[in-house]
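Observations on the model geometry
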Amino acid sequence: MKNKTSIIAEPGKQELFIIREFEAPRELVFKALNDPDMLKQWLGPRDLTLEIEKFDGRSGGSYRFINCNATGTRYCFNGVIHEVTAPERIIRTFEFEGLPERGHVSLETATFESLPKGRTKLTIHSVFKSVADRDGMIQSGMERGVVDSHERLDELFEKQNNNTK
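Residues numbered from 1 in each chain as written. Predicted model: local features only at pLDDT ≥ 70, side-chain atom pairs only at ≥ 80, totals over all residues. Heavy atoms only, no water.

Here's the deal with the overall build of the protein
Helix and strand counts for the protein stand at 4 helices and 8 strands. When the helices and strands of the protein are read in sequence order from the N terminus, they spell out β-β-α-α-β-β-β-β-β-β-α-α. What you see for the protein is a C-alpha radius of gyration of 15 Å, in line with the 15 Å of a compact globule of 165 residues. Dimensions of the protein, computed from C-alpha atoms along their principal axes, come out at roughly 50 × 35 × 35 Å. In the protein, buried positions account for 41% of the 165 residues. Taking the intrachain contacts of the protein between residues at least 6 apart in sequence as the baseline, contacts between residues at least 24 apart amount to 46%. Surface summary for the protein: the accessible area is close to 9,200 Å², and the carbon and sulfur share equals 52%. (Helix = DSSP H or I, 4+ residues; strand = E, 2+ residues; numbered from the N terminus. Rg over C-alpha atoms; globule rule 2.2 N^0.38 Å. Buried < 20%, exposed > 50% of the residue type's maximum accessible area, 1.4 Å probe, protein only. Contact = heavy atoms within 4.5 Å. Areas by Shrake-Rupley, 256 points an atom, 1.4 Å probe, with all protein chains shown as cover.)

Focus: empty space enclosed by the protein
The final tally for this structure, using the stated rule, is 1 cavity of 30 Å³ or more. There is about 60 Å³ of room inside the largest cavity. What lines the largest cavity is Leu 33, Ile 90, Arg 92, Glu 108, Thr 109, Ala 110 and Ile 124. Mapped onto the lining of the largest cavity, the elements with two or more residues apiece are β6 (89-96) and β7 (105-115). In terms of residues, the lining of the largest cavity owes the most to one element, β7, which gives 3 residues. Looking at the lining of the largest cavity residue by residue, the class counts come to 4 nonpolar, 1 polar and 2 charged. (1 Å grid on protein atoms, 1.4 Å probe; cavity = no way out; pocket = protein on both sides within 12 Å on 5 of 7 lines; lining within 4 Å. Points joined across faces, edges and corners; volume = space filled by probe spheres on them. Nonpolar A, V, L, I, M, F, W, Y, C, P; charged D, E, K, R; others polar.)

Observations regarding the layout of surface pockets
In this structure, the largest pocket spans a volume of roughly 1,100 Å³. As for the largest pocket, its lining consists of 40 residues, of which Phe 77, Phe 94, Met 137, Met 142 and Val 146 are closest to the centre. Looking at the lining of the largest pocket element by element, the count peaks at 6 residues for helix α4 (residues 142-163). Here the lining of the largest pocket is built from residues that sort into 24 nonpolar, 12 polar and 4 charged.

Considering the sheet that holds strand β4 (residues 62-68)
As summarised here, the arrangement of the 8 strands in space is β1-β2-β8-β7-β6-β5-β4-β3, forming an open sheet in which the pairing is antiparallel. Across the chains shown, the open sheet's two edge strands, defined by having one partner strand only, are β1 (6-8) and β3 (49-55). Averaged over all pairs of adjacent strands, the angle between their axes in this sheet comes to 20 degrees, without regard to strand direction. The pairing of β4 with strand β5 (residues 74-85) spans 7 bridges and is antiparallel. Looking at β5, one finds that Tyr 63 is bridged to Gly 79. (Pairing = 2+ DSSP bridges. Axes fitted to C-alpha atoms, helices over the stretch in contact; angles between N-to-C directions.)

Brief notes about the pattern of salt bridges
Applying the stated criterion to the full structure yields 15 salt bridges. The salt bridge partner of Arg 46 is Glu 155, with a shortest N-O separation of 2.6 Å. Residue Arg 46 is located in the loop between α2 (36-42) and β3, and its partner Glu 155 is located in helix α4; the two are separated by 109 residues in the primary sequence. Overall, the relative accessible area of 42% leaves Glu 155 in the partly exposed class. Among the charged side chains, a network of salt bridges with common partners joins Glu 21, Glu 23 and Arg 119. (Salt bridge = Lys/Arg side-chain N within 4 Å of Asp/Glu carboxyl O.)

A word on the packing of helix α1 (residues 26-34) against α4
Where α1 contacts α4, the two axes come as close as 12 Å, and the packing angle between them is 125 degrees. In terms of orientation, α1 lies oblique with respect to α4. You can see that α1 and α4 cross each other, and the crossing is right-handed. Here α1 contributes Leu 28, Val 29, Ala 32 and Leu 33 to the contact with α4, which in turn contributes Leu 153, Phe 157 and Gln 160. Class assignment for the residues of the contact of α1 with α4 results in 6 nonpolar, 1 polar and no charged. (Parallel < 35°, antiparallel > 145°, perpendicular 65-115°, else oblique. Left-handed = near helix turned anticlockwise from the far one by under 90°.)

Written out as structure tokens, the structure reads:
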């Protein structure tokens, strides 16, 4: 059975939830979201490359990621990491730099829940500045990037699992 990513965005609200179960233990899923070497292997749509310009994955740290397509178009994202509580929670901001004005920042809380049989449920709760910001993020093609990323993360866990057998 293949796990599916759920994106829940109720009309008129400034928030959305991304929920996904992984066939990997909580510590490994947490590490995958907070380790630059692992992030490079799965974060972003399949047709884009990821450059990590800056990543300080500690409470008080920050990051800047650059996705690049085959023609060289760059999509930049940045944020501040407010809290890292391994392996339970990461709280950080997220901002896409490609908008006409800065300041469209969302606050993301990622929680990692242990499930039976060494599985993990990841829930990301994102709160946006406005309903319009949230709806704009959804309309930007965010779902494809999230689903691609999660499928790539599954593949990474499967590869790591095969290498340890």
